[in-house]
Every structure is written in structure tokens, then in C-alpha cells.
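# Reading the structure
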Amino acid sequence: MLDDYLIADEPYYRPLGNEIALFEAAYAHRLPVMLKGPTGCGKTRFVEHMAWRLKRPIVTVSCHEDMTASDLVGRFLLDANGTLWHDGPLTLAVRHGAICYLDEIVEARQDTTVIIHSLTDDRRILPLEKKNELVRAHADFQLVISYNPGYQSVLKDLKESTKQRFVALDFDYPAAELEAKIVMHEASLPPAPAKLLVTVAAKSRNLKGHGLEEGASTRMLINAGLLMSKGVSFAEACQVAIVIPLTDDADLRDALRSAVAACQ
């Protein structure tokens, strides 16, 4: 049923610590897991890697502020045969035993996210009120959410009643040597330019809280490295993959360009 959601090839992932063993222990008890960390640090890659290791299909939902509960659980739709119920991604995972990954869950409205509560305790049920059905979770179902604590605000934060239902794994950008190895692998770069990109990232991360909301992510470094692997110069790759996406502020762009120039 969910063969299309199985990951056939191993997603490249370099552990930062003991997160693989911790996730496997949580999965053994089907505990819901929360992945916390800055954007582009590898949270999604990690959960894809774990789905591959556990040989479970993974249904991913990118949460956003317009997402409704019906977008998650499903709705009645009119087609040639009449009005029929269509399961949403969450219901699909609950029925058939997939890992359901709700990416950046704080982007969703709080009245939407409360529907996961009954799946995160010993009940493991999903009420479909519009269908008058109570779906009991498949034995292999697991819920995983991610969010970036750096984007927390009064309006965008998880409710305490939601947070306390999860075990949480903290993520951050890898140490410089490991991050360079990741960029080398993902962008097929030699060691020297990969290390230069990591140096640029470190300088940009020092500007967090001084005008930048976030420094350059590992994902940005890989994008710059991919451009360099196609012959784009270091300075130009940093310009289009790091400096321009990070900020529209002219002074901050100048500061970042100076940081790039200092690394050459």
C-alpha cells in the first residue's frame, strides 16, 4: 500500500552523536520523537536515514500556516462515483504503519496540531469526526515532528501540552571537520574548498543575533559546493548560495562578502 513511500537507497548521513541508537530505542516503543535544531542542519536527512534503516515507509508533511486538520486527516471529495472519503497523509500513515514526519510543525496552526495528541499517548488513536470513525494506529506507526527553536515566538511555538508528549533529540550544525566531510561528499568537492565554505559558514553564524536570524546552514554550503563543482568561482558561489539568500540588508551583505573575501 505504501511501497512508494519506502526509501530504497541509503540516504547519506553522518551521525553527530548517539542519535541513531536513541531513535531506534524510541521506535522500539513507538515513542513519538521531536527533532529540534536550526534550519538546514540535517533533521530531515536524519529521519529519512532512520526510515531506511528501519525499513519503514515515511510520509512527510511540510507544515504551513494555512494547513487545516482536514489537510492532515482527510476529507470527503466529490468524484464520478459520488462523494468518497480520501485519507490525508497522517491517516494514511496511521492505518498502514508508516513513519509520519511533520516537518516544521510550529508553522501549522495550533488548533490543527492538537489532533496528534491522541496518537502520542497509550491510546494511539486518530478520531475522524467527519467520517465517524476511530482509526487505531498500526503497530508500526510512529510520529516524528521537527521544529526550529530559533523561530520560537508567542504566536509560533508548540503548546506545552504538545511538547511534553515527545522525546526530543537536539540537533546543531556539525563540528567544522565533520561538516567539511559532509560538504565534500554531498558536493563532490576536494577538501580545501569544502573547508573554505565551512569557514564562511562559521563567520556567518557569528552574525546570528546581530542582524541575521540564522547563519549559513549546511544545506547552503552544499548548494555552494555544487555550484563550485560545475566551475563557478568560490566568491560567486558564496554570493548566490549564501550571501543573497541570507539577507536583503545591504550592510550585512557587505559584511558577508568581506568574510568570503577574507577566506580566499
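Going by what an unreviewed UniProt entry lists, the chain is known as Nitric oxide reductase NorQ protein and is assigned to Hypericibacter terrae. Check the Sequence similarities (unreviewed entry) section of the UniProt entry for the chain; it says "Belongs to the CbbQ/NirQ/NorQ/GpvN family."

### Examining the packing of helix α1 (residues 19–28) against helix α2 (residues 43–54)
Helix packing geometry: the angle between the two helix axes and the distance between the axes. The N-to-C vectors of α1 and α2 enclose an angle of 60°; their axes lie 11 Å apart at closest approach. Comparing their axes, α2 and α1 come out oblique. Where α1 crosses over α2, the handedness of that crossing is right-handed. From α1, E19, I20, F23, E24 and Y27 reach across to α2, where they touch F46, H49, M50, R53 and L54. Residue classes in the contact of α1 with α2 are distributed as 6 nonpolar, 1 polar and 3 charged.

### Quick look at the environment of I105
Following the sequence through the fold, I105 ends up in the loop between β5 (99–103) and α5 (110–113). The class of I105 is buried, set by a relative accessible area of 1%. In this structure the C-alpha to C-alpha distance between I105 and V144, which are 39 residues apart in sequence, comes to 9.9 Å. Discounting chain neighbours no more than four positions away, the residues touching I105 are C63, T113, I116, I145, S146, Y147 and L158.

### Side note on α1
Those residues of α1 that sit buried are E19, I20, F23, A26 and Y27. Looking straight down α1, one finds that the buried residues subtend no more than 125° of arc, so they occupy a single side. In the core, the buried residues of α1 are packed alongside β1 (33–36), α2, β8 (142–147) and β9 (167–170). Backbone geometry just after α1 places R30 at a positive phi near 55°.

### Digging into the UniProt feature "domain: AAA+ ATPase" (unreviewed entry) in the chain
Mapped onto the present numbering, the UniProt feature "domain: AAA+ ATPase" (unreviewed entry) falls at residues 29–150. With 24% helix and 33% strand, residues 29–150 has its two end C-alpha atoms placed 30 Å apart.

### Here we look at the pattern of salt bridges
Where charged atoms of side chains with opposite charge meet at close range, the side chains can pair. Tallied over the full model, the rule gives 15 salt bridges. The salt bridge involving E133 is made with R95; its shortest N-O contact spans 2.9 Å. Placement of E133 in strand β7 (residues 133–136) and of R95 in helix α4 (residues 89–96) is noted, with a sequence separation of 38 residues between them. With relative accessibility at 25%, the residue R95 sits in the partly exposed group. Via salt bridges that share partners, D87, R95, K131 and E133 belong to a single interconnected network.

Criteria and cut-off values
Residues numbered from 1 in each chain as written. Predicted model: local features only at pLDDT ≥ 70, side-chain atom pairs only at ≥ 80, totals over all residues. Heavy atoms only, no water. UniProt positions renumbered as here; feature names shortened; annotations may be inferred. Axes fitted to C-alpha atoms, helices over the stretch in contact; angles between N-to-C directions. Helix = DSSP H or I, 4+ residues; strand = E, 2+ residues; numbered from the N terminus. Parallel < 35°, antiparallel > 145°, perpendicular 65-115°, else oblique. Left-handed = near helix turned anticlockwise from the far one by under 90°. Contact = heavy atoms within 4.5 Å. Nonpolar A, V, L, I, M, F, W, Y, C, P; charged D, E, K, R; others polar. Buried < 20%, exposed > 50% of the residue type's maximum accessible area, 1.4 Å probe, protein only. Arc of directions from axis to C-beta. Salt bridge = Lys/Arg side-chain N within 4 Å of Asp/Glu carboxyl O.

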